[in-house]
Amino acid sequence: MTSLEVSEETEDSGPGGYAAARLLLLQEKERPGPPRRAALARLTDDWLAGLFAAAAPPRGTALVAVGGYGRAELSPRSDLDLLLLHDGTADKAAVAALADRIWYPVWDLGLALDHSVRTPAEARATAADDLKVHLGLLDARPLAGDAGLVAALRTTVLADWRNQAPRRLPELDALCRERAERAGELQYLLEPDLKEARGGLRDAQVLRAVAASWLADAPREGLDTARRRLLDARDALHLATGRATDRLALQEQDAVATELGLLDADTLLREVYEAARTISYATDVTWREVNRVLKARSARPARLRTLLSRNGGTKPPVERTPLAEGVVEMDGEVVLARGARPERDPVLPLRAAAAAAQSALPISLHAVRRLAAAAKPLPVPWPAEAREELVTLLGAGEATVPVWEALEAEGLISRLLPDWERVRCRPQRNPVHTWTVDRHLVETAVRASSLTRRVGRPDLLLVAALLHDIGKGWPGDHSVAGETIARDLAARIGFDRTDTAVVATVVRHHLLLVETATRRDLDDPATVQSVATAVGTLGTLELLHALTEADALATGPAAWSSWRASLVADLVKRVAGVLAGAPLPDPEAAAPSAEQERLAIEALRTGEPVLALHARDEEPLDAEEPEPVGVELLIALPDRPGVLPAVAGVLALHRLTVRAADLRAVDLPSGLGSGSVLVLDWRVAAEYGSLPEAARLRADLVRALDGSLDIPARLAEREAAYPRRRGLTAPPPRVTVAAADSRLATVIEVRAQDAPGLLHRIGRALEGAAVRVRSAHVSTLGANAVDTLYVTRPDGSLLPDEEAIDLARTLEEALR
């Protein structure tokens, strides 16, 4: 039983009371959606009217529903927005007593109440000072009492709204923008606020208010359905949680989907996103029209007098500036030319869209609808002009997005690219992703447009960017599915066989560079050779390099950094050398650097660890200043067991994030000393604050190696001090043997929830399994860590298959 049911059951005034009837109504499954909201409003109307009548109200008083209740849209936990209206002739004490006779029963039932007591003059004055009050009064509805008093107020308030529209609508627009900045865009949020986020119920209410001003009207198609869908979702959320909440939290989505009879939480989010997208598009179009009308009104008198004098009293024609064949600019929008014939010109939709994006202008609603209704389908394969216009549209940068959204709102994108419908509004539950799948694809093309000077085939880069995640609408590996879809779509768009194969290859391997650079040993010849084999040509490599950056930048802030960029660039440089015919270097033959050799000699002489820290900066990605991308930590010490967990544990205690670790045994040349020294070359970064001093790291490392520093206990204390967020359950870790074809080591891949000391725990498990770690590569995206370990037997040989599988199982069990 929900808290709603408990509160209403315990506070019911009797079997025939309002609370009992309300509870029965909310428990019904036969009347969800609008019928239930209307029935709940009628039930509440009758109850409040009864309270009003029983209080023997003075003459000249009325009870009025305003806001959402005024629209008869009561969700299970909605506030009751009530106004007690009086004409000012009644005694103030009598009016106050009447208010108490109504408000207190509402509060006694535990219902939220937003109430006020005002005369019509006071209501108008308050509305003049408070925009939200004015919006609520636009939906005023009489419940009981003097209906004429309420009708007069409604007429006056509506007249005020229309008269004041030139002043109040810009104020309302600013209020909506501020709210959108605060609450985000509903159509992209994993935990959206159904009311406050942009494209939510609040914006739907604003569209009604703008229409009431008679200044502009929203495109109506699909708007009522979208609004109803969000209201239904809010009803289900209230029933599932028993709370007056509008935030669709992750842990509530399955229950809400079940309440609505939907397949799962993803289906729920997709329906919510589609509704929000409809409202957002209508909002964009409406405010554009409002601003156009207001601008024209402010400029019209003086300008019209000037033009009339120049034209002998004849009204001049509206200026129309040609942009492309059949496409002109008029009044700040892209429209179709008078002679345009979309039914005879199949390329016109793409030509108009490309012209709009290149001019950074919106394409008019009328033009898009005419194109959607009358445009002749493109032949397959597309003619060259259509392909070029698509590339031009994708290459326009940020201006591409609103034009693409306009085409998508009228169904033109799905008509041009049939597989688009599978990714449209598809949620991505990885919190690293900012956008839905379809918007991410467009954003990737936007990012790629700034990288076109780096590649020989900008057209292939832009199309591959648009299609790289197109396989996410299908089961299985999206890269594999995407390769097939991209091949079909590239041929449909009109690329020849060679170009189609390149697009398909780039889509198939769009994750190859970043995953290899962050999870594999780049000094291993097998790593570089495998990438070169998959890529095939230098032209494809440069396309992949640019797409990798564009994809990561379009994913979200956590997906790209100077560190990742430097790793990918290093890999690309090595692969380019192989593709150009250069021989692969032998990592075993590589001599230690001068500093590594110096540290090794010092470690051999003292018998203790020796450390050196070097800050490393890279060129900025988007900032003006260089970005510190990590610190190179060199450690040399006599070879001994337990080094990896000790070093990893000390770094975790000092809040240093490990990005890569290379471990190698160095045999010093004769004359410099005798014996084997272990040299560790680590790349680390501070979680926050300044870097620790090398002396402190060294002191703690000595203590960790001799057992006087209990690292597991210290890490456990820290973890206990920062409890995990309630409601979040991480999936269990997964450890596998990677098919890396390395001749140097066996590759073990660990996928787990990121946490302080994770590499320390991995190191302890590996030490217990008596294997040697050659190198480690750490990749973290959000809360997920993917650590790749190159391990060998103590003698340096690869692990047999069965041993490797057993090691993976042991490590997975240890991490649980």
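Residues numbered from 1 in each chain as written. Predicted model: local features only at pLDDT ≥ 70, side-chain atom pairs only at ≥ 80, totals over all residues. Heavy atoms only, no water.

### With respect to the overall build of the protein
Moving on, step 1. Scanning the protein for helices and strands turns up 33 helices and 15 strands.
Moving on, step 2. Its C-alpha atoms give the protein principal-axis dimensions of about 110 × 75 × 50 Å.
Moving on, step 3. Burial status across the protein gives 51% buried among its 816 residues.
Moving on, step 4. Accessible surface computed for the protein: about 37000 Å², of which carbon and sulfur atoms make up 51%.
Moving on, step 5. Across the protein, the 99 positively charged side chains and the 117 negatively charged ones have centroids separated by 6 Å. (Helix = DSSP H or I, 4+ residues; strand = E, 2+ residues; numbered from the N terminus. Buried < 20%, exposed > 50% of the residue type's maximum accessible area, 1.4 Å probe, protein only. Areas by Shrake-Rupley, 256 points an atom, 1.4 Å probe, with all protein chains shown as cover. Lys, Arg positive; Asp, Glu negative; His and termini not counted. Charge placed at Lys NZ, Arg CZ, Asp CG, Glu CD.)

### Thoughts on the environment of L84
Moving on, step 1. Mapped onto the fold, L84 is located in strand 2 (residues 80–86).
Moving on, step 2. Between the C-alpha atoms of L84 and S593, which are 509 residues apart in sequence, the distance is 84 Å.
Moving on, step 3. When residues no more than four places from it in sequence are discounted, the contact partners of L84 are F52, A62, L63, V95, L98, A99, W103, S116, V117 and R118. (Contact = heavy atoms within 4.5 Å.)

### Some points on the pairing of strand 11 (residues 676–686)
Residues in a regular strand project their side chains so that they alternate between the two faces of the sheet.
Moving on, step 1. Most of strand 11 sits out of view: 8 of its 11 residues are buried.
Moving on, step 2. Examined bridge by bridge, strand 10 (residues 656–667) and strand 11 share 11 bridges and lie antiparallel to one another. Bridging from a neighbouring strand, L656 pairs with A686 of strand 11. (Pairing = 2+ DSSP bridges.)

### Structural notes on unusual backbone geometry
Moving on, step 1. In this model, V380 is joined to P381 through a cis peptide bond whose omega is 0 degrees.
Moving on, step 2. With respect to the element layout, P381 can be found in the loop between helix 15 (365–374) and helix 16 (384–394).
Moving on, step 3. Although it is not a glycine, A56 adopts a positive phi angle of roughly 50 degrees.
Moving on, step 4. Along the polypeptide, A56 turns up in the loop between helix 3 (34–54) and strand 1 (61–65).
Moving on, step 5. A56 gets classed as exposed once you look at its relative accessible area, which sits at 59%.
Moving on, step 6. Here the phi dihedral of D331 falls at roughly 55 degrees; this positive angle occurs in a residue that is not glycine.
Moving on, step 7. Tracing the sequence through the fold places D331 in the loop between strand 6 (327–330) and strand 7 (333–336).
Moving on, step 8. Its relative accessible area of 47% is what places D331 among the partly exposed residues.

### A short note on the packing of aromatic side chains
Moving on, step 1. Scanning the entire structure with this criterion turns up 4 aromatic pairs.
Moving on, step 2. With a centroid separation of 4.9 Å and 90 degrees between ring planes, the pair formed by Y188 and W435 is classed as edge-to-face. Placement of the pair is Y188 in the loop between helix 9 (165–183) and helix 10 (201–212) and W435 in the loop between helix 19 (420–423) and helix 20 (437–449), with a sequence separation of 247 residues. W435 shares its class with Y188; the two are buried.
Moving on, step 3. The ring of W214 carries the charged tip of R162 above its face, separated from the ring centre by 3.6 Å.
Moving on, step 4. R439 extends its terminal NZ or CZ atom over the ring of W435, reaching a point 4.2 Å from the ring centre. (Phe/Tyr/Trp six-rings, centres within 6.5 Å; stacked < 30°, edge-to-face > 60°. Lys NZ or Arg CZ within 6 Å of the ring centre and 35° of its normal.)

### Some remarks on the sheet that holds strand 7
Moving on, step 1. With antiparallel pairing, the 3 strands of this open sheet are ordered in space as 5-6-7. A strand with exactly one partner marks an edge of an open sheet, and here the two such strands are strand 5 (321–324) and strand 7. Strand-to-strand twist in this sheet, taken as the mean axis angle between neighbours without regard to direction, amounts to 40 degrees.
Moving on, step 2. When strand 6 meets strand 7, the two strands line up antiparallel, connected through 4 bridges. Counterpart to V328 in the pairing with strand 7 is V335. (Axes fitted to C-alpha atoms, helices over the stretch in contact; angles between N-to-C directions.)

### A look at the nonpolar core
Moving on, step 1. Judged by nonpolar contacts, the single largest core of 95 residues is most densely connected at W382, W404, L417 and W420.
Moving on, step 2. When sequence neighbours within four positions are dropped, the list of residues in contact with W382 reads L350, R387, L390, L416, L417, R492, I493 and G494.
Moving on, step 3. Core analysis: the second largest hydrophobic core is formed by 51 residues, L637, L678, V771 and A804 among them. (Core = buried A, V, L, I, M, F, W, Y, C linked by side-chain atoms within 4.5 Å.)

### What about the side chain of H510?
Moving on, step 1. Topologically, H510 is positioned in the loop between helix 23 (497–508) and helix 24 (512–519).
Moving on, step 2. At a separation of 3.2 Å, a polar atom in the side chain of H510 contacts the side chain of D469.
Moving on, step 3. Setting aside residues no more than four positions away along its own chain, H510 makes contact with H468, D469, H478, S479, L544, L547, T548 and D551. (Polar contact = N/O pair within 3.5 Å; in protein donor to acceptor, adjacent residues only side chain to side chain.)

### Some details on the pattern of salt bridges
Moving on, step 1. Taken as a whole and judged by the stated rule, the model has 51 salt bridges.
Moving on, step 2. R598 serves as the salt-bridge partner of E595, at 3.4 Å between the closest nitrogen and oxygen. With E595 and R598 both in helix 28 (residues 594–606), this residue pair falls 3 residues apart, about one helical turn.
Moving on, step 3. Judged by its relative accessible area of 23%, E595 falls in the partly exposed class.
Moving on, step 4. Each of the salt bridges in this network shares a partner with another, and the network as a whole consists of R71, E73, D139, R208 and R227. (Salt bridge = Lys/Arg side-chain N within 4 Å of Asp/Glu carboxyl O.)

### As for the confidence of the model for the protein
Moving on, step 1. Per-residue pLDDT for the protein has a mean of 88; in total, 91% of the residues score no lower than 70.
Moving on, step 2. Confidence, read as mean pLDDT per element, is least for helix 1 (residues 3–10) in the protein (38) and greatest for helix 23 (98).
Moving on, step 3. Considering only residues more than four positions removed or in separate chains, one finds that residues 1–16, a stretch of pLDDT under 50, has 29 contacts. (pLDDT = per-residue confidence, 0-100.)

### Concerning helix 3
Side chains three or four residues apart in an α-helix point the same way, a direct result of the helix having 3.6 residues per turn.
Moving on, step 1. Given a rise of 1.5 Å per residue, 21 residues ought to cover 30 Å, and the 30 Å separating the end C-alpha atoms of helix 3 matches this to within 8%.
Moving on, step 2. A56, located one to two residues past helix 3, shows a positive phi value of around 50 degrees. (Expected span 1.5 Å × (residues − 1).)

### With respect to the sheet that holds strand 4 (residues 141–145)
Moving on, step 1. The strand order across the open sheet formed by 4 strands is 3-2-1-4, and the pairing between neighbours is mixed. Of all strands in the sheet, those bounded by a partner on one side alone are strand 3 (113–118) and strand 4. The average undirected angle you get between the axes of adjacent strands in this sheet is 25 degrees.
Moving on, step 2. On top of the sheet, helix 3 reaches strand 1, strand 2 and strand 4; it is set at about 35 degrees to strand 4, its chief contact.
Moving on, step 3. This element, helix 5 (residues 92–108), spans strand 1, strand 2 and strand 3 of the sheet and lies at about 175 degrees to strand 3.

### Considerations on the packing of helix 10 against helix 11 (residues 223–241)
Moving on, step 1. Taken N-terminus to C-terminus, the directions of helix 10 and helix 11 make an angle of 140 degrees; their axes are 10 Å apart at the nearest point. Handedness of the helix 10/helix 11 crossing: left-handed. From helix 10, L201, A204, L207 and R208 reach across to helix 11, where they touch L223, R227, L230, L231 and R234. (Left-handed = near helix turned anticlockwise from the far one by under 90°.)

### Some thoughts on the pairing of strand 1
Moving on, step 1. The buried fraction of strand 1 amounts to 5 of the 5 residues, a majority that puts the element mostly inside the structure.
Moving on, step 2. Going residue by residue along strand 1, you find T61, L63 and A65 tucked away on one face and A62 and V64 tucked away on the opposite face as well.
Moving on, step 3. Of the pairings in the sheet, the one linking strand 1 to strand 2 comprises 5 bridges and is antiparallel in character. Looking at the pairing, L63 lines up with L84 of strand 2.
Moving on, step 4. As paired elements, strand 1 and strand 4 share 4 bridges and run antiparallel to each other. Bridging from a neighbouring strand, L63 pairs with A144 of strand 4.

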